[in-house]
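Per-entry structural report
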Amino acid sequence: MTFATYVYAVRRTGGPEIHSPGHDGGGPVRLLPLGSLTAVVQDVPAAEFTEEALRERFTDRLDLERCARTHHRVVSAAAAGAATVPLPLATLYANDVRTKVVLEEHAERLSEALHRVAGHVEWAVKVHRDTAVPVLEPETDAGAPGDPVSEPATGREYLARVRDRRATRERRQESALDAVDLVDRVVRTVAVASVRRPLHGVELTGRDRPQVMNGAYLVPRDDERLLTAALDTLRQDPRLTGFAVEASGPWVPYSFASVALTEGAGRDGAPA
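Here is a short report on the structure shown in this document. The structure presented is a predicted model; accordingly, all values stated were derived computationally and were not measured.

Some details on the overall build of the protein chain
A tally of regular secondary structure across the protein chain gives seven helices and nine strands. Relative to its full complement of 272 residues, the protein chain shows a buried share of 39%. In the protein chain, once contacts between residues fewer than 6 apart in sequence are set aside, the share between residues at least 24 apart is 76%.

Next comes the structure, spelled out in structure tokens:
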């Protein structure tokens, strides 16, 4: 059987061994020296990790989730012992020699990324509209609450309703922008860097919980208590009435340690 070298992450040389199971059918997770750096790798069956094989496997949601969980588990184990730069899911090279060639070409950028995240963790901070606090809409008809909405009697009434709906949307948008600005400003007093991620749709957040902020923050490990206190203060802030602030972490700082491995990086395990 032909094996390829699967690369999970890169960290400084000198960290502890990693005791974590890797992908099924492969060898044990091991450390590959790269001068002042060390790659966290595993020998995996090359035939199962070609472009075509991965494309087919990743169309299966369960198989994709299984691969992603394995990748994250090994990266987390590596990061528990030293600052770590996680590499993208399914980063492979034909063998250890090829792995060393590519990673050593990017040693400077990898070292910069390691320096950036050393002693830091990632926290995810999200803001949703709170379903517990209803958003009041302007009255658009003369009937009592619960009555069927009547058709506008005149063109003037119709235009008034359109203006009311537009004004309501604008107020909602403005309140969301104010909430996001407040949360971001407070969290950034603790964080040293941040990135804004795409908002999750209602299929993930719940139909009545539209998301207005999805951010990731790089926080010094020693300041996590300050972050927790800041978030607790935000949740009590009357300016955020109608919004829910959620946070999760600490995580491996994926959002702040990415390094694009060009010139041969990626799934080249089978061909070369």
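Comments concerning the sheet that holds strand S7 (residues 193-196)
Read from one edge of the open sheet, four strands run S7-S8-S6-S9, paired in antiparallel fashion. Single-partner strands in this sheet number two, and they are S7 and strand S9 (243-251). Pairwise comparison of adjacent strand axes, ignoring direction, gives a mean angle of 20 degrees for this sheet. Bridging between strand S6 (residues 120-129) and strand S8 (residues 211-220) involves nine bridges; their strand directions are antiparallel. By the bridge assignment for S8, His-120 is matched with Pro-220. Across the sheet, helix H7 (residues 224-235) lies against S6, S8 and S9, angled at about 170 degrees from S9, the strand it touches most.

Here's the deal with the pattern of salt bridges
This model, assessed by the stated rule, comprises twelve salt bridges. Asp-43 is the partner of Arg-30 in a salt bridge, and the nearest nitrogen-oxygen pair spans 2.9 Å. In this pair, Arg-30 sits in strand S2 (residues 30-34) while Asp-43 sits in strand S3 (residues 37-45), placing the two residues 13 residues apart along the sequence. For Asp-43, a relative accessible area of 27% puts it in the partly exposed group. We note a salt bridge from Asp-96 to Arg-30, for which the minimum N-O separation is 2.8 Å. One end of the pair, Asp-96, is in helix H3 (residues 96-105); the other, Arg-30, is in strand S2, and 66 residues separate them in sequence. Residue classification places Arg-30 among the partly exposed positions, given a relative accessible area of 23%. Among the charged side chains, a salt-bridge network with shared partners connects Arg-30, Asp-43 and Asp-96.

A closer look at the pairing of S6
Taking burial as the measure, the ten residues of S6 include ten buried ones, the bulk of the element. Of the two faces of S6, the one carrying His-120, Glu-122, Ala-124, Lys-126 and His-128 and the one carrying Val-121, Trp-123, Val-125, Val-127 and Arg-129 are both buried.

Concerning the pairing of S2
Alignment of S2 against S3, held across five bridges, turns out to be antiparallel. From the neighbouring strand, Arg-30 faces S3, where its bridge partner is Val-41. Between S2 and the antiparallel strand that follows it, S3, lie two residues; Gly-35 among them carries a positive phi value of about 75 degrees.

Considerations on the side chain of Thr-84
Note on placement: Thr-84 falls in strand S4 (residues 84-86). Apart from residues no more than four positions distant in its own chain, Thr-84 is found in contact with Ala-9, Val-10, Arg-11, Ala-78, Ala-79, Leu-114, Val-117 and Ala-257.

Here's the deal with H3
Listing the buried residues of H3 in full gives Thr-99, Val-102 and Leu-103. Around the axis of H3, the buried residues are gathered within 95 degrees of arc, so they sit on the same side. Exposed and oriented more than 90 degrees from the buried face of H3 are Val-97 and Glu-105. You can read the cap of H3 off the contacts: a side-chain oxygen lies 3.2 Å from the backbone nitrogen of Val-97, and it is on Asn-95.

Overview of H7
An ideal rise of 1.5 Å per residue puts 16 Å on twelve residues; H7 measures up with 17 Å between its terminal C-alpha atoms. Of all the residues in H7, the buried ones are Glu-224, Leu-227, Ala-230, Leu-231 and Leu-234. Projected down its long axis, H7 shows its buried positions confined to an angular sector of 120 degrees, all on one face. Facing away from the buried side of H7, by more than 90 degrees, are the exposed residues Arg-225, Leu-226 and Thr-233.

Cut-offs applied
- Residues numbered from 1 in each chain as written.
- Predicted model: local features only at pLDDT ≥ 70, side-chain atom pairs only at ≥ 80, totals over all residues.
- Heavy atoms only, no water.
- Helix = DSSP H or I, 4+ residues; strand = E, 2+ residues; numbered from the N terminus.
- Buried < 20%, exposed > 50% of the residue type's maximum accessible area, 1.4 Å probe, protein only.
- Contact = heavy atoms within 4.5 Å.
- Pairing = 2+ DSSP bridges.
- Axes fitted to C-alpha atoms, helices over the stretch in contact; angles between N-to-C directions.
- Salt bridge = Lys/Arg side-chain N within 4 Å of Asp/Glu carboxyl O.
- Arc of directions from axis to C-beta.
- Polar contact = N/O pair within 3.5 Å; in protein donor to acceptor, adjacent residues only side chain to side chain.
- Expected span 1.5 Å × (residues − 1).

These results come straight from atomic positions and should not be treated as a statement about function.
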